[in-house]
Amino acid sequence: MLALVMLINRAGSMVLPFLGVYMTNHLHFSIENSGIVLSFFGIGSVIGSWLGGMITDKIGEYRVQSLSLLLSVPLFCLIPLFTTEAGLAGIILAQSIVSETFRPANSVAITKYAKPENITRAFSLNRMAVNLGFSIGPALGGILSAISYEFLFFSNALAALLAGLMYIWFFKDRARLAKEKAKKIKEAIVIKKESSPYRDGKFLIYCVFCMLFSICFFQLFSTLTIFYKDTAHLSQQNIGYILGYSGFLIVLLEMGLVQIAEKYFTLAFTMLIGTFLCGISYAMLAFDYSLITLVLSMTLLCVGEIWTLPFMSTITALRSGENNKGAYMGLNGMSFSIAFIITPYVGTLIAEKLGFNVLWIGTGLLAVFIAIGFYFIIPWMLKDKNKVEKEII
């Protein structure tokens, strides 16, 4: 049911991939100013991830997810009313803070309801829902944006409302029972005080590398769509179809590829190969951008994503304790959110000043460095956790 709620929510996620095109084509912002505005989504994500992680450990993941989904509805509806750089940056900042509190709470809910031996596949199932929604949303978004961009924002609002209502309906009683059970356990035993992730040096280094990976990967949501439009000369509908293809491909392949990785690869090797494939997918765009190359690049990006993102969440869950999972998930989410600040501005600046070829080659080289870093950091970080020693032999 968590995955179904996520599917409905993300089916309406038409706005983010098209924000860059919306600002440059509809509002006539410069590429550089569009990147600055998109960076405010990242600033809001940092605040939201930190806030969501903190309050999840205090009030529970049920309340955080419910409030995040329902409060997102009016904010999405307000976005079309702001047509200046400052105004749009402000409303995107507010919307991002509210919507991103959902992520750490959702991750904690997955660890709460999934069996320990199935945690990676549970994260993968949730990501399948995200990507199935992402395959529907942008494809429909490309069609709707050709008619009116306002449809994108109102569709996102409707999807958030439906997801929120379904989540509250299904989890209200379950959340209450789980809270009562947890209260009884606390009364019966002494809870071990666990350290803050912000004082966990090894985990902080891991999060830095997650942030660097996200800077590479999140070109998908900012500069890549501008590249498709301005350099590859794709229509908005075709951009939507390629993004929709990526989501559909992940839905088809993710569970199988995750099981292969769990059976045959270590966590460190899985992250190595996944990050490397993501880098190659961008670097190849510097040499050719025919339709075949664009589809092949997106295919490699999808496989790399499958062998990276769900395992990042698993590694975070394994590193955390029983009573600070929200804080750990929030801090790891902040590494993604910081990348949302950096990627749009730096990516669009490099593309405008030096060209897309420099951007894609630089992204590929950075990804290779990150892949090697993951390979050595993950065993070093997890070796003192008895429960995951078998993962890093």
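Residues numbered from 1 in each chain as written. Predicted model: local features only at pLDDT ≥ 70, side-chain atom pairs only at ≥ 80, totals over all residues. Heavy atoms only, no water.

An unreviewed UniProt entry lists the protein chain under the name MFS transporter, from Chryseobacterium candidae. Per UniProt, the protein chain carries the Subcellular location (unreviewed entry) text "Cell membrane". (UniProt positions renumbered as here; feature names shortened; annotations may be inferred.)

**Points about the overall build of the protein chain**
Broken down by element type, the protein chain carries 16 helices and zero strands. Per-residue burial over the protein chain gives 57% buried out of 393 residues. Residue pairs at least 24 apart in sequence account for 86% of intrachain contacts in the protein chain once pairs closer than 6 positions are excluded. With the model as given, the accessible surface of the protein chain reaches about 16700 Å², and the carbon-plus-sulfur share is 69%. (Helix = DSSP H or I, 4+ residues; strand = E, 2+ residues; numbered from the N terminus. Buried < 20%, exposed > 50% of the residue type's maximum accessible area, 1.4 Å probe, protein only. Contact = heavy atoms within 4.5 Å. Areas by Shrake-Rupley, 256 points an atom, 1.4 Å probe, with all protein chains shown as cover.)

**A few points about the pattern of salt bridges**
Counted by the stated rule, this structure contains four salt bridges. Notably, a salt bridge pairs K112 with E61, separated by 3.0 Å at the nearest N-O pair. Here K112 is found in helix α6 (residues 102–113), whereas its partner E61 is found in helix α4 (residues 61–78), with 51 residues between them in sequence. K112 gets classed as partly exposed once you look at its relative accessible area, which sits at 37%. According to the relative accessible area criterion, E61 is buried, its value standing at 8%. (Salt bridge = Lys/Arg side-chain N within 4 Å of Asp/Glu carboxyl O.)

**Looking at the packing of aromatic side chains**
Enumeration over the complete set of coordinates arrives at 22 aromatic pairs. Judged by centre distance (6.3 Å) and plane angle (50°), the rings of F218 and F336 are tilted. One end of the pair, F218, is in the loop between α9 (201–217) and α10 (223–230); the other, F336, is in helix α15 (residues 325–353), with 118 residues separating them in the sequence. Summarising the aromatic geometry, the rings of Y375 and F376 are spaced 5.5 Å apart at their centres and angled 85° between planes, so their arrangement reads as edge-to-face. (Phe/Tyr/Trp six-rings, centres within 6.5 Å; stacked < 30°, edge-to-face > 60°.)

**As for helix α12 (residues 267–283)**
Counted at 1.5 Å a residue, the expected span for α12 with its 17 residues is 24 Å, and the 25 Å between its end C-alpha atoms agrees. In terms of residue burial, α12 counts as a mostly covered element, since twelve of its 17 residues are buried. For α12, the complete set of buried residues consists of L267, A268, T270, M271, G274, T275, L277, C278, G279, S281, Y282 and A283. Against α9, α10, α11 (236–264), α13 (291–306), α14 (309–319) and α16 (356–382) lie the buried residues of α12. (Expected span 1.5 Å × (residues − 1).)

**With respect to the state of the cysteines**
As enumerated under the stated definition, the model contains zero disulfides in all. Looking at the unpaired C302, the closest cysteine sulfur is the one in C278, lying at 9.0 Å. (Disulfide = S-S within 2.5 Å.)

**As for the side chain of S34**
Structurally, S34 is set in helix α3 (residues 31–59). Other than its neighbours up to four places away in sequence, S34 contacts G20, M23, T24 and F29.

**Let's talk about the nonpolar core**
The biggest cluster of nonpolar side chains holds 90 residues, and the ones touching the most others in it are L88, Y206 and F374. Here the element with the most residues in this core is α9; it accounts for eleven residues. The residues contacting L88, other than those within four sequence positions of it, are Y22, M23, L27, F29, V37, I79 and F82. Membership of the second largest hydrophobic core comes to 19 residues, among which are L2, I110, F123 and A317. (Core = buried A, V, L, I, M, F, W, Y, C linked by side-chain atoms within 4.5 Å.)

**Thoughts on a nonpolar patch on the surface**
On the surface, a nonpolar cluster with roughly 610 Å² of combined accessible area is contributed by F269, F276, I280, V368, I372, Y375 and F376. Listing elements by their share of the nonpolar patch, those giving two or more residues are α12 and α16. It is α16 that contributes the most residues to the nonpolar patch, four residues altogether. (Patch = residues over 30% accessible without salt bridge, like charges linked within 9 Å, V, L, I, M, F, W, Y side chains within 5 Å.)

**Comments concerning α11**
Over its 29 residues, α11 runs 40 Å from end to end, which matches the ideal 42 Å to within 8%, given 1.5 Å per residue. At L253, α11 shows its maximal bend, which comes to roughly 45°. (Bend = angle between axes of the 7 residues up to and from the residue.)

**Re the confidence of the model for the protein chain**
Looking at the protein chain as a whole, its pLDDT mean stands at 82, while 87% of the residues score no less than 70. When mean pLDDT is compared element by element in the protein chain, α12 scores highest at 95, while helix α8 (residues 150–188) scores lowest at 71. Within the model, pLDDT remains below 50 along residues 184–192, and this stretch shows three contacts once partners closer than five positions in the same chain are excluded. Of the regions scoring below 50 in pLDDT, residues 386–393 engages in twelve contacts with residues more than four places distant in sequence or in other chains. (pLDDT = per-residue confidence, 0-100.)

**Considering the environment of I361**
Here I361 lies in helix α16. C-alpha separation for the pair I361 and G279, spaced 82 residues apart in sequence, amounts to 8.6 Å. Beyond its immediate chain neighbours, meaning those up to four positions away, I361 contacts A286 and F287.

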